[in-house]
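# Observations on chain architecture
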Amino acid sequence: MAVADVVVSFMLLVSIYGILALGLNVKYGHTGLLDFGHVGFYLIGAYTAALFVLGPDDPTDFTVYLIGLGDIPILGSWVTAILAGTILAGIVGGLVTLPTIRLREDYLAITVLGISVIFQRVIQSETWLANGPDALRGYSPPLQGPFPVTGETIIGAVLLGLIVFVAWGLTTGVLGMVSQAPSATATAASPSSIQRGRDDSTRPRDRVYTLATFGFTHVDAIAKQVSRTAAVAGGLAGILAAAAVFMIGITLTVGVIVSVYTWIVAAIALREHYADLSWSAITTGIGLGTGLLVALIPLPVLEAVGIKIIITVSALATLVGVYYYITTQIDALSNNRLAIVGVGSIWFISLWYFVLPILGPLGSGDIAGVAQTLFQNIVWLLRFGGDVGIGYAIAGIGELTVKVDYPRFQLAGFVLFFVGLYAIVERTVESPFGRVLRAIRNDETVVESLGKNPFTYKLQSMVIGSALGGFAGALWAMYAQGLTFTTFAPRVTFITLLIMFVGGAGNNKGMIIGAALFWAFQQATTQLAAFFPPAIRVNIQAFRLVVVGILFLIVLYYLPEGLLGSRTSAATTTTTDGDSSGPQRAQRTEMNSSGEHSDSTTNTSVDNDRIPDMGTQRELEGEE
Amino acid sequence: MILPFTLTICDMAPETGLLNAVVTGVVTGSIVALGATGLALVYDIAEVPNFAHGDLLTLGAYAALLVNKPDTVPVFELLAPSAQQVSLPGLGVLFVLSAIGVLGTVYHLGGRDALYGQWWGIDVPGRLGLTVHIVVAGAIGALVVLGTPSFGAALLFSVVLLGATVPLLESVIFRKFREKNIELALMLVVSLAVAFIVRFGIQTIFGGSIRFYSVETSIPFLGGALDVTLAKFFDFFIASDGLFISLQETRGGASKQLLVASYGWIEFAVILLAIIAVTYVALDRRSPAAIIGPRLTAALGSIVILAIGATAFWGGANGTVPDTTLVATRIRTSPLRIGIIVLAIVMMGALHYVLQATTLGKTMRATSDNRELALVRGINTRRVMMSVWIIAGLFAAVGGIMLGFLFSSITINLGFNLLLPMFAGVILGGISVYGAILGSYVVGLAMEIGIFAIPGLSATYRIPVAFVVLLAVLLLKPEGIIGGR
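Residues numbered from 1 in each chain as written. Chains lettered and ligands numbered in written order. Predicted model: local features only at pLDDT ≥ 70, side-chain atom pairs only at ≥ 80, totals over all residues. Heavy atoms only, no water.

Another aspect to go through is the overall build of chain B. When its secondary structure is counted, chain B shows 16 helices and 6 strands. Classification of the 485 residues of chain B by burial places 51% in the buried group. For chain B, restricting intrachain contacts to residue pairs at least 6 apart in sequence, the fraction spanning at least 24 positions comes to 69%. Approximately 21,300 Å² of chain B is accessible, and the part contributed by carbon and sulfur atoms is 70%. (Helix = DSSP H or I, 4+ residues; strand = E, 2+ residues; numbered from the N terminus. Buried < 20%, exposed > 50% of the residue type's maximum accessible area, 1.4 Å probe, protein only. Contact = heavy atoms within 4.5 Å. Areas by Shrake-Rupley, 256 points an atom, 1.4 Å probe, with all protein chains shown as cover.)

Check the secondary structure of chain A and you find 26 helices and 5 strands. Each of the 624 residues in chain A was classed as buried or not, and the buried ones make up 50%. Per element, the accessible surface of chain A, about 27,700 Å² overall, is 67% carbon and sulfur.

Okay, the packing of helix 2 (residues 38–53) of chain A against helix 3 (residues 78–100) of chain A next. Residues and elements named next belong to chain A. Packing of helix 2 against helix 3 brings their axes to within 8 Å, and their N-to-C directions diverge by 145°. Where helix 2 crosses over helix 3, the handedness of that crossing is right-handed. Judged by residue contacts, Phe41, Ile44, Gly45, Thr48, Ala49, Phe52 and Val53 of helix 2 engage Trp78, Thr80, Ala81, Ala84, Gly85, Leu88, Ala89, Val92 and Gly93 from helix 3. (Axes fitted to C-alpha atoms, helices over the stretch in contact; angles between N-to-C directions. Left-handed = near helix turned anticlockwise from the far one by under 90°.)

Residues and elements named next belong to chain B. Its identity is not glycine, yet Glu47 carries a phi of approximately 55°, on the positive side. Positionally, Glu47 belongs in the loop between helix 1 (18–46) and helix 2 (53–68). You will see that Ser408, though not glycine, has its phi angle at about 40°, which is positive. Looking at the secondary structure, you find Ser408 in the loop between helix 13 (381–406) and helix 14 (414–428).

The interface is formed by 56 residues belonging to chain A together with 56 residues belonging to chain B. Summing the contributions of chain A and of chain B, the shared interface buries around 5,100 Å²; its carbon and sulfur component is 69%. Taken together, the links from chain A to chain B amount to 0 salt bridges. Counting across the interface, chain A meets chain B through 6 residue pairs in polar contact (both at pLDDT 80 or more). (Buried area = accessible area lost by both parts, 1.4 Å probe. Salt bridge = Lys/Arg side-chain N within 4 Å of Asp/Glu carboxyl O. Polar contact = N/O pair within 3.5 Å; in protein donor to acceptor, adjacent residues only side chain to side chain.)

All names here are of chain A. Together, Val79, Leu83, Ile87, Leu88, Ile91, Leu95 and Leu98 make up a nonpolar patch on the protein surface, roughly 660 Å² of accessible area in all. Along the chain, Val79 falls in helix 3. Look at Val79 and you get exposed, because its relative accessible area is 58%. (Patch = residues over 30% accessible without salt bridge, like charges linked within 9 Å, V, L, I, M, F, W, Y side chains within 5 Å.)

Residues and elements named next belong to chain A. Here chain A averages 77 in pLDDT, and 82% of its residues register 70 or above. Overall, residues 183–201 carries pLDDT values under 50, and its contacts beyond four positions in sequence, including any with other chains, amount to 21 contacts. Ignoring residues within four places in sequence, the model shows residues 568–624, a span with pLDDT below 50, making 93 contacts including any to other chains. (pLDDT = per-residue confidence, 0-100.)

Side-chain pairs of opposite charge can arise where the charged atoms are in close proximity. Counted by the stated rule, this structure contains 8 salt bridges over all chains. As a salt-bridge pair, Arg371 of chain B and Glu47 of chain B come within 3.4 Å of each other at their nearest N and O atoms. Taken as a pair, Arg371 of chain B in helix 12 (residues 371–376) and Glu47 of chain B in the loop between helix 1 and helix 2 lie far apart in primary sequence, 324 residues in all. Accessibility expressed as a relative area gives 11% for Arg371 of chain B, which makes it buried. By relative accessible area, Glu47 of chain B is classed as partly exposed at 43%. Look at the salt bridges and you will find they share partners, linking Asp5, Asp405 and Arg408 of chain A into a network.

With that out of the way, let us pick up the pairing of strand 4 (residues 242–251) of chain B. Residue and element names in this part refer to chain B. Within strand 4, 8 of the 10 residues are buried, which leaves it mostly tucked inside the rest of the structure. Bridge count for strand 3 (residues 232–239) against strand 4 is 8 bridges, and the pairing is antiparallel. Bridge pairing links Phe237 to Phe244 in strand 4. Joining the antiparallel neighbours strand 3 and strand 4 is a turn of 2 residues. (Pairing = 2+ DSSP bridges.)

Attention now moves to the pairing of strand 6 (residues 327–333) of chain B. Residue and element names in this part refer to chain B. Most of strand 6 sits out of view: 5 of its 7 residues are buried. In terms of strand pairing, strand 3 meets strand 6 through 7 bridges, oriented antiparallel. By the bridge assignment for strand 6, Ile238 is matched with Val327.

Take the confidence of the model for chain B next. All names here are of chain B. For chain B, the mean per-residue pLDDT works out to 81, and 89% of the residues sit at or above 70. Considering only residues more than four positions removed or in separate chains, one finds that residues 5–11, a stretch of pLDDT under 50, has 15 contacts. Confidence estimates for the predicted assembly give a pTM of 0.81 and an ipTM of 0.82.

Okay, the nonpolar core next. Within the largest apolar cluster, 247 residues are counted, with the highest numbers of intra-cluster contacts made by Tyr17, Phe36, Tyr42 and Leu483 of chain A. The greatest single-element share of this core, amounting to 16 residues, is contributed by helix 7 (residues 184–206) of chain B. One finds Ala281, Ile282, Ile326 and Leu333 of chain A within the second-largest nonpolar core, a separate group that totals 11 residues. (Core = buried A, V, L, I, M, F, W, Y, C linked by side-chain atoms within 4.5 Å.)

Here Ile310 of chain A lies in helix 14 (residues 305–329). We classify Ile310 of chain A as exposed; its relative accessible area is 59%.

Residues and elements named next belong to chain B. For helix 1, with 29 residues, the first-to-last C-alpha span of 39 Å sits near the 42 Å given by 1.5 Å per residue. Largest kink in helix 1: about 30°, centred on Ala33. In terms of burial, helix 1 is a largely internal element, 24 of the 29 residues being buried. Looking at the residues trailing helix 1, positive phi occurs at Glu47, about 55°. (Expected span 1.5 Å × (residues − 1). Bend = angle between axes of the 7 residues up to and from the residue.)

Before going further, it helps to spend a moment on helix 10 (residues 226–247) of chain A. All names here are of chain A. Over its 22 residues, helix 10 extends 31 Å from the first C-alpha to the last, a length consistent with the 32 Å expected when each residue adds 1.5 Å. Along helix 10, the residues that are buried comprise Val226, Thr229, Ala230, Ala233, Gly234, Ala237, Gly238, Ala241, Ala242, Ala244 and Val245. A positive phi of about 80° marks Gly249, the residue just after helix 10.

Once that is clear, we can look at the environment of Ile449 of chain B. All names here are of chain B. Summarising the element assignment, Ile449 is placed in helix 15 (residues 433–453). With relative accessibility at 27%, the residue Ile449 sits in the partly exposed group. If we skip the residues at most four places from it in the chain, Ile449 touches Leu18, Ala21 and Val22.

So, about the packing of helix 22 (residues 490–503) of chain A against helix 7 of chain B. For the pair helix 22 of chain A and helix 7 of chain B, the least separation of the axes is 11 Å and the interaxial angle reads 120°. Judged by the inter-axis angle, helix 22 of chain A sits oblique to helix 7 of chain B. Pair helix 22 of chain A / helix 7 of chain B crosses with left-handed handedness. Only Leu186, Val189, Leu192, Ala193, Phe196 and Phe200 of chain B of helix 7 of chain B make contact with helix 22 of chain A, whose side of the interface consists of Arg491, Phe494, Leu497 and Phe501 of chain A. (Parallel < 35°, antiparallel > 145°, perpendicular 65-115°, else oblique.)

Shown next as structure tokens:
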């Protein structure tokens, strides 16, 4: 299985958790309601959707469940199931809010946690409802029949066109946003940025953009909004692809074009993001990334468990020490702490994605194999190998069979859902309704004094957030094709909280980053855990969560606003407070992506916010 | 509808009923109280809603394994050649750990100066303080080593170890966050992260298998061997001529009657009158600021009278159970459970004494009321916080071990399963120590009586029942039963 397939399956999880985190973000990031029981709505969405699409309960088999509407034409389809799951989760969210909303924030958190545990227990004990403690299976995700698809049939071509639509549209959207972002030289003061000249009109990326949108950038009605341009461009690309694949049969070419396009845009976006980073910072990042890879080498290579643990851990510790030393002692780099980590991670991931898989064939001198692996990983849109599919023979690479498999289609669908929900939430949050929510998070009394009833707003926020959680649950049901109650433990809420805080509470964009980071970590450590003997695999997996917990604490302490900051950073740039105060009363540390501020300056300026007699606390308390 | 009592006409074993549910509820409540007391202390005084408290119980339970079953602990098993036996280096490790535990606990109370006796409250020369501390540390280490692998030594070891480790959470993690003045909800998230670190740290070391203590369960009692874990049945019969209590033990299907006590109605009336008299006198006294206030005196007095009356009037051990009874019910319990109730009461009594009679307790109450004012008054709030965490650690260790012993299985989720009832108890009673104690017993009783009273409710609904009760109370009184600031 190529690396690309691994990434596709992990991206599915990222989208599901991204939607889940969006829901929690609405509740906490925007309204300040800490909900430790968010997984309960996830559960409701998942089980409702499953019960809708399951066939009627067969009394003779061992599975028992309440309703199964799968045979009824419209009612038993996935569309209704997802809708039902979402709506029911939202309703339950509202019902749960009614008694608990007047509670203090920590009481609220614990009470809703208890309610989610109640839901879990109900599923576990009521065997008539959803098969009790056993797994609820027997349904299949939508449109799985036609796959894997090669484009030779109409249905296949249409499905392929849909995937291309999503991929092309999203990529064009990203490119559009990158093109329209203000030039990075506006805010940074580092001297190296002045050295790079900027020629505004004919930047290569603008040319790519015009090409990718089929020239629609010149049509004002469409070009006004990036999303509209992206959608139109994607639609056109999808139709073209479907037609080409069906009539001419150039599946591979289409796949290559789309995949290469995404890589180009990724490179452009990265370059823009790190445009004003000094060369020394970039080199440091690359060095750290390579160092991380080197540190992990003993794990697959050595046999003795104890020795390889010691070597890897000490290498990692050295790495952290070097990073700490560099960022605190060397002035030029201390402002770019996060960026260095970002560069290093991206470099590490590129090495893992492109270089590692070809080491095998490279070692045995199989140049064709190297080329093939590289090609497969670049053209991620298509699935290679296997018996089914169109065969191609390419010079220098060899023979390949090519098709598009179901996970890619599912991924396209999930990503589409995520983007759609993200757009809806963004619009809600930027609206007057969202402003009231943020006002409630900051100070409820003010909202009351202005004549608005915070209760209804909190209720609506909980309903929306829970509905989003239910939607994610329905998607999970689709992905997992079988539900067990142990999946819906409070651990899921913990992970969602982690994702939300890492990405930035209150920032919707951060959700995808947080989810991607978390699942990348999970994926990486799962692969690493495979290098250990099975007897201690449980211990290694537990250790993985310890590391997650420690990282969470570090993020909470040093970056309470998350990686992307508290609000969508397009508006707020470098100032500290502004109007977008996050839940923290005191410290503002890192802000948005374009630059960081040292802790000391923000700390002293904000001490004035604290209660005056707190200052005497240090003097009066005995020092240890 | 299940009747709380069953009418028996023939000589048949009575069913367990409401009274049994009440007693089991008191047992559950005691265990919850052991945990909730520490949780409430930390919540109230250190202002940390400690989500990791359940996992601290687990930590205590697992730490005891080092002494009790050293050959099952990874890495340490290298020093334990066989089950229940530790080699000399292993004993050395245990000794050192216990000593470090004691010294570490003292260190938390005030740093290096505390080791020199600064925390004693009286002026002592530094060397004397240090010597005393080292001697005590050595003594406890010796006790643990000599007692290995008995249950008592394990308990002592775990208590001492947790007393030193738990305050580290405060000094390393929570204090840093508190200094950033983060809001309460975020502290909850921090403690959630800490909970995961603790729980999965334990799993990293110990793995996922289920453990259990190896404890000698038969202890010599009144001439014969008494197995503390076997169930004993107390049967209560109310017949026309009085109250009969029969104690039975069932081993392998054959039930053996241990004793029967009978109380006539007159004897009953005498005891009742004595209790009323004592209560009236106690409540009337109203002595100011005593450790044992009037209500507590009344309660204690009633219990003493009951005990005296029960033993005085019992009419000999070899009575017979009456044939026709009006009411009969049965309580199923074991000496272990009763022991847990007693242990919980003793520990809470000790805490009560500390809170009311010692300076430390007074400073704790003052800090809990108003921290700034306590600072102004010159109270070392940092030491107060550390002592609160130490006490929480002690209670968590005892609670965890008792929980592991009671359920004879120690898993990773042992403490977390108790976390929700603990929080329910703390919130129910209002966030204070006494409120938490009251709340825990209410939660324990609710859990057992709820399962008993609602037909068809399976035992997995225990925690949901506790939460429904919590929710009901919070609807009526959002600050909890006792709370209200």
